[in-house]
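Listed here are the chains, written in short residue letters.
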Amino acid sequence: MRSKNELLGELQNVEAELQNVQDQIKILLDEQEKLYERKSELKALLEESEVSRQLNDDGPSASLENWTGPFEWDSRVDDVRFNVFGISSYRANQREIINAVMSNRDVLVIMAAGGGKSLCYQLPAVLLDGITIVVSPLISLIQDQVMGLTALGVPTGMLTSTNSKDDKFIYKALEKCEGKLKILYVTPEKISKSKRFMSKLEKCHHAGCLSLIAIDEAHCCSQWGHDFRPDYKNLSILKTQFPNVPVIALTATATRKVQLDLMEMLCIPKCVKFVSTVNRPNLFYMVLEKSSVGKVVIDEIAEFINRSYPNNESGIVYCFSRRECEQVARELQERGIKAHYYHADMDAKNRESVHIGWSSGNLQVIVGTVAFGMGINKPDVRFVIHHSLSKSMETYYQESGRAGRDGLPAECLLYYRPADVPRQSSMVFYEKSGLQNLYDIVRYCQSMRGCRRVAFFRHFSEPLQDCDGMCDNCACSAEVREVDVSCHAKAVVSLLQDMQEIDQSVTILQLADKMKVKHKEIGPELKKNEIEQLIIQLVLDHVLKEEFQHTAYATNAYVALGPLAEQVLHEKKVVKLEISSGQDDKARSIKCAKQRPMASKMGIWLDELRKELASVHGGIFPHSVLSAQQIAMLADQKPDSMQQLEMIIGKVKTEKYGNRILEEINRSEKSEDLLHSVMGHGHETGRTSKKMKISKGAVKI
Ligand SMILES: Nc1ncnc2c1ncn2[C@@H]1O[C@H](COP(=O)(O)OP(=O)(O)OP(=O)(O)O)[C@@H](O)[C@H]1O
Ligand SMILES: [Mg+2]
């Protein structure tokens, strides 16, 4: 007969084994669910590509009808595009979307950030008789759009939660419909809460003057989207009240589930759907090793900005916390960079003044938390640097996507160190799929070989496209090798097991420190950051897992044995780690920086001019005067008559700013000639240091 203790002991063992089996089942079930999801996505993609093939269309998704034309409004559309908006050619899907809207159809648009969604409703709004209502979630976004459209001479108004003296004029314009208002931006609360507004809108409709309804950032309707807003839920009322007015819903990212949700919630089941790729070919993605010494990271960031963007080109640095934002901004200022922090703790007035300072080019860099996000509409952001990793691939895509919305080359840098993982995980572990989402972006950061773009395509279930060397791993991945570190992994697991037996909790960093002492006896030596990387790799592979404990002040993340720990311990699982050999990050960044465009001197002067014109005309940002693309074209073609200028920037802008622009081009050309004859050498690139930059004053000498 076995003793009670023996029986208890065995019971405990069986319970532990059961737990282990259950954990493994859970992992397999999760995996099964993911595979099922992927299977249905792949099937849908196959169906879509079959349709595309039949239509001989090369977009990843296209609608069954032919929207390229010709249509009777073609010439009028082209005229407004060029002469009002100053846009010389359409980007992918824009023409088709505009045609579908002009044909009175409901439309759903999924187009990457910066793809040019606004034009798809603004252009029809200008052409159609009557008023277009645009629902947009943030006041800052609305202000930005109203400012831009007003600068183009399009009569535009807004109604937001903050009442203004213009409201009366707008209500009157809605009622009278005399053409004094073409586009009206409103927040969703107006639709769901303001009876006054809805009654005026009904009158406008009754008079036959409500031409189009646009719902921007439409993903806010869906609880499955990443930024659900309760007031967006009530927008179905628009289609119910005004069934014959076309609705166009637009968003940058929407999974298949969100798309279906949107169609249902906005009551547009028969809409024409246009899905463009998530790919942003002009963005260069890069992950950099983050030093454990804070000062070194700031030195590197400051050097990058000074070296690569000496002409005050705009950028964003994203930080993990408000305190970190303030500190990083201060340290960048100390290194001569015009930077300021931006976070939710600041009062609205301060936030606005920082935003305006940055948009008008007085500040070069905003150091923000995620609070600095959706409201940002600046098209010529040349770099987005993540001082810490984001909490998911989706958030990273959104945040880094603020760069290069004008379509010109821009860079997205992410500073990664394993120690940042527990900081994020202790924040997200209670969110639904929070840890899973975080581990996806951690996988992205740990990878030294996989194409960054492919990671996005996989994440958004899109067919793969060529990266064209526009990520660090594609541009310079040869120096990475894969090392078998199974014996190190085994040592980590047994070390942790020993600690768990004596009930000692340990964080990832503490475990890495202990391993540093122990692992020397094991095999090929690993550096400190490589050991940390290995531990994170083990968490991603379910060999270890993170556990969380609350204290009165914080949530602490500890590391514990995961379901596959036994396999590593019994040498049934091989663990490999990607290790960079030789070439350090700095060399990589220099090599990768070859892709950067060079600013010409004429470009720099025109940039100064647009700032000057923006401040003279008041209430508009420099990018509304001339876009970066227009500056590049002007610097290249150097027009010398109003007619030539009009061919580049359209009628409206030529009438408004033509004289000054021609004057500046003429003056700059003369100055350049003079400079060349005095200095006796050829063109300099824009990538000179700040000190070497030639100011207007210097040229006069
Ligand atoms: N066909 C075009 N050619 C050149 N520039 C364009 C074109 N269409 C739009 N743009 C410019 O691209 C920039 C981004 O456009 P827009 O604001 O419409 O992007 P978006 O798709 O709404 O992005 P987000 O999802 O970030 O709001 C703007 O500066 C706009 O003027
Ligand atoms: Mg937009």
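Residues numbered from 1 in each chain as written. Chains lettered and ligands numbered in written order. Predicted model: local features only at pLDDT ≥ 70, side-chain atom pairs only at ≥ 80, totals over all residues. Heavy atoms only, no water.

Caption draft 1: Quick look at the overall build of the protein chain. Within the protein chain one finds 29 helices and 17 strands. Contacts spanning at least 24 positions in sequence make up 75% of the contacts within the protein chain whose residues lie at least 6 apart. A total accessible area of about 33,200 Å² is found for the protein chain, and carbon and sulfur atoms account for 52% of it. (Helix = DSSP H or I, 4+ residues; strand = E, 2+ residues; numbered from the N terminus. Contact = heavy atoms within 4.5 Å. Areas by Shrake-Rupley, 256 points an atom, 1.4 Å probe, with all protein chains shown as cover.)

Caption draft 2: The arrangement of the packing of aromatic side chains in detail. If you walk through the whole model with that rule in mind, you get 13 aromatic pairs. Between Trp67 and Phe71, the aromatic rings sit 6.3 Å apart at their centres with planes inclined by 10°, giving stacked as the arrangement. For Trp67, a relative accessible area of 7% gives the class buried. Their ring planes at 25° and their centres at 4.9 Å tell us that Tyr309 and Phe383 sit as a pair that is stacked. Residue Tyr309 is located in the loop between α11 (294-308) and β9 (314-318), and its partner Phe383 is located in strand β12 (residues 381-386); the two are separated by 74 residues in the primary sequence. Judged by relative accessible area, Tyr309 falls into the buried class, the value being 3%. Among the aromatic residues, those joined into a ring-pair cluster are Tyr285, Tyr396, Tyr397, Tyr444, Phe456 and Phe460. Over the ring of Tyr444 we find Arg452; its NZ or CZ atom is 5.1 Å from the centre of that ring. Stacked on the ring of Trp605, the Lys or Arg Arg667 has its end atom at 5.9 Å from the ring centre. (Phe/Tyr/Trp six-rings, centres within 6.5 Å; stacked < 30°, edge-to-face > 60°. Buried < 20%, exposed > 50% of the residue type's maximum accessible area, 1.4 Å probe, protein only. Lys NZ or Arg CZ within 6 Å of the ring centre and 35° of its normal.)

Caption draft 3: Region of interest: the sheet that holds strand β1 (residues 107-110). In space, the seven strands of this open sheet follow the order β3-β4-β2-β5-β6-β1-β7, with parallel pairing throughout. The strands lining the two open edges of the sheet, one partner per strand, are β3 (156-159) and β7 (272-275). Going from strand to strand, the sheet's axes swing by 15° on average, the running direction of each strand aside. When β1 meets β7, the two strands line up parallel, connected through four bridges. The residue of β7 that forms the bridge with Leu108 is Lys273. The strands touched by helix α3 (residues 94-102) within the sheet are β1, β5 (210-215), β6 (247-251) and β7, with β1 carrying the most contacts at an inclination of about 160°. (Pairing = 2+ DSSP bridges. Axes fitted to C-alpha atoms, helices over the stretch in contact; angles between N-to-C directions.)

Caption draft 4: Region of the structure containing the environment of Glu324. Relative to the assigned elements, Glu324 resides in helix α12 (residues 322-334). With 194 residues separating them in the primary sequence, Glu324 and Gly130 have C-alpha atoms 49 Å apart. Other than its neighbours up to four places away in sequence, Glu324 contacts Cys319, His387, Ser388 and Arg423.

Caption draft 5: Summary view of helix α8 (residues 195-206). Taking 1.5 Å per residue, twelve residues should reach 16 Å; α8 reaches 16 Å between its end C-alpha atoms and fits that length. Among all positions of α8, only Phe197, Met198, Lys200, Leu201 and Cys204 are buried. Summarising the axial view, the buried residues of α8 lie within an arc of 160°, below the 170-degree limit, and thus occupy one face. Facing away from the buried side of α8 by more than 90 degrees, the exposed set consists of Lys195 and His206. Taken from the residues just after α8, Gly208 is the one with a positive phi, measuring 75°. (Expected span 1.5 Å × (residues − 1). Arc of directions from axis to C-beta.)

Caption draft 6: Expanded view of the site of ligand 1. Residues in contact with ligand 1 amount to 18 residues; listed here are only the nearest, Ser89, Gly114, Lys117, Ser118 and Arg405. Taking Arg91, its side chain carries an N or O atom lying 3.1 Å from a nitrogen atom of ligand 1. Here an oxygen atom of ligand 1 and a side-chain polar atom of Lys117 are 2.8 Å apart. Relative to its unbound accessible area of 640 Å², ligand 1 is 83% covered by the protein chains. Grouping the amino acids of the shell around ligand 1 by side-chain chemistry returns six nonpolar, seven polar and five charged. (Near = heavy atom within 4 Å. Polar contact = N/O pair within 3.5 Å; in protein donor to acceptor, adjacent residues only side chain to side chain. Nonpolar A, V, L, I, M, F, W, Y, C, P; charged D, E, K, R; others polar.)

Caption draft 7: Layout of the side chain of Asp167. Within the element layout of this structure, Asp167 appears in helix α6 (residues 167-176). No salt bridge is formed by the buried Asp167; the nearest opposite charge belongs to Lys190, separated by 5.4 Å. With sequence-adjacent residues up to four places away left out, Asp167 is seen in contact with Met158 and Leu159. (Lys, Arg positive; Asp, Glu negative; His and termini not counted. Salt bridge = Lys/Arg side-chain N within 4 Å of Asp/Glu carboxyl O.)

Caption draft 8: Layout of a nonpolar patch on the surface. Taken together, the side chains of Val21, Ile25 and Leu29 define a hydrophobic patch exposed on the protein surface, amounting to about 260 Å² of accessible area. Note that Leu29 resides in helix α1 (residues 4-55). (Patch = residues over 30% accessible without salt bridge, like charges linked within 9 Å, V, L, I, M, F, W, Y side chains within 5 Å.)

Caption draft 9: Region of interest: the pairing of strand β2 (residues 131-135). The element β2 is largely enclosed, with a buried count of five among its five residues. Where burial is concerned, the two faces of β2 agree: the one with Ile131, Ile133 and Val135 and the one with Thr132 and Val134 are both buried. Both β2 and strand β4 (residues 183-186) contribute to a ladder of four bridges, which runs parallel. The residue bridging Ile133 from the neighbouring strand is Leu184, located in β4.

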